[in-house]
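One-letter residues, chain by chain:
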Amino acid sequence: MEFTEEQEALVVNSWDVLKNNSADLGLKFFLKIFSAAPAATALFSYLKDSKVPLDQNPKLKTHATIVFVMIGESAIQLRKTGKAMDESDLKHLGAVHFKFGVLHEHFQVARKALLETIKEGGGELWSPALSNAWGVAYDHLVASIESQIK
Ligand code: ISQ
């Protein structure tokens, strides 16, 4: 689906706010995925031998922040560049997701988690149109990762 100029404006404006809270929101995003799909915790070596609860794991928080920022930055530069990701980043992401056997339905679990996280983090900025705009941007990112996998 096309990512319109209006959708870009919604995403860019909200990212300005969301990015200031990317560590907490990134963690929230991952925890939502883990509560929907507990088996996904096995994908992360740093969670396997950890004795602290998921929500207090510093490595998880760091990794979740990186992933959340990557998704946000992908969305804000999508219209400018016409691409969700730089070619070399995309090759790496494609390889990683292929290695772990990530399927389309897993990306849909993450999609729901992302949109809920944006709703919780967006406060007064949130609207159905904003949520839809982020969903469209996310779908572009997933399509480009999946194009590497298939
Ligand atoms: C894979 N890619 C991005 C985020 C994730 C969160 C939880 C489980 C797997 C993931």
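Residues numbered from 1 in each chain as written. Predicted model: local features only at pLDDT ≥ 70, side-chain atom pairs only at ≥ 80, totals over all residues. Heavy atoms only, no water.

Caption draft 1: Up close: the site of the ligand. Every residue close to the ligand is listed here: Phe-30, Ile-33, Phe-34, Ala-40, Phe-44, Val-67 and His-97. Between His-97 and the ligand, the recorded distance is 3.5 Å, taken from a side-chain N or O atom to a nitrogen atom. For the ligand, the accessible surface in isolation is 270 Å², of which the surrounding protein chains cover 79%. Of all the cavities here, the one that holds the ligand is the largest pocket. If you tally residues by element for the shell around the ligand, the top one is helix α2 (residues 22-36), at 3 residues. Partitioning the shell around the ligand into residue classes produces 6 nonpolar, 1 polar and no charged. (Near = heavy atom within 4 Å. Polar contact = N/O pair within 3.5 Å; in protein donor to acceptor, adjacent residues only side chain to side chain. Areas by Shrake-Rupley, 256 points an atom, 1.4 Å probe, with all protein chains shown as cover. 1 Å grid on protein atoms, 1.4 Å probe; cavity = no way out; pocket = protein on both sides within 12 Å on 5 of 7 lines; lining within 4 Å. Sits in = over half its atoms within 2 Å of the grid points. Helix = DSSP H or I, 4+ residues; strand = E, 2+ residues; numbered from the N terminus. Nonpolar A, V, L, I, M, F, W, Y, C, P; charged D, E, K, R; others polar.)

Caption draft 2: Geometry of the nonpolar core. Counting 40 residues, the largest nonpolar core has Phe-29, Phe-30, Phe-34, Leu-60, Leu-114 and Trp-134 as its most contacted members. Every element with two or more residues in this core is listed here: α1 (5-18), α2, α3 (45-48), α4 (58-81), α5 (87-99), α6 (104-122) and α7 (128-149). Among the elements that make up this core, the one with the highest residue count is α7 (9 residues). Beyond its immediate sequence surroundings of up to four residues, Leu-114 is in contact with Phe-29, Phe-68, Ile-71 and Tyr-138. (Core = buried A, V, L, I, M, F, W, Y, C linked by side-chain atoms within 4.5 Å. Buried < 20%, exposed > 50% of the residue type's maximum accessible area, 1.4 Å probe, protein only. Contact = heavy atoms within 4.5 Å.)

Caption draft 3: Broad picture of the side chain of Ser-131. Tracing the sequence through the fold places Ser-131 in helix α7. Once residues within four sequence positions are removed from consideration, Ser-131 is found in contact with Leu-115 and Trp-126.

Caption draft 4: Inspection of the packing of aromatic side chains at higher detail. Throughout the structure, instances matching the rule amount to 7 aromatic pairs. A ring pair is formed by Trp-15 and Trp-134, whose centres lie 6.0 Å apart and whose planes are at 55°; its orientation type is tilted. Residue Trp-15 is found in helix α1, and its partner Trp-134 is found in helix α7; the two are separated by 119 residues along the sequence. Here Trp-15 falls in the buried class, since its relative accessible area comes to 5%. The interplanar angle of 75° and the centroid separation of 5.8 Å between the aromatic rings of Phe-34 and Phe-44 together place this pair among those described as edge-to-face. Of this pair, Phe-34 sits in helix α2 while Phe-44 is found in the loop between α2 and α3, placing the two residues 10 residues apart along the sequence. Across this residue pair, the class does not change: Phe-34 and Phe-44 are buried. (Phe/Tyr/Trp six-rings, centres within 6.5 Å; stacked < 30°, edge-to-face > 60°.)

Caption draft 5: Spatial organisation of the pattern of salt bridges. In the structure shown here, the tally under the stated rule is 10 salt bridges. Note that Glu-5 and Arg-79 form a salt bridge whose closest N and O atoms lie 4.0 Å from each other. On the criterion of sequence distance, the pair formed by Glu-5 in helix α1 and Arg-79 in helix α4 is long-range, its members being 74 residues apart. A relative accessible area of 53% places Glu-5 in the exposed class. For Arg-79, a relative accessible area of 35% translates into the label partly exposed. Glu-120 is the partner of Lys-32 in a salt bridge, and the nearest nitrogen-oxygen pair spans 2.8 Å. You can see Lys-32 sitting in helix α2 and its partner Glu-120 sitting in helix α6, a full 88 residues away along the chain. Here Glu-120 falls in the partly exposed class, since its relative accessible area comes to 45%. Sharing partners across several salt bridges, the network here consists of Lys-28, Lys-32, Lys-112, Glu-116 and Glu-120. (Salt bridge = Lys/Arg side-chain N within 4 Å of Asp/Glu carboxyl O.)

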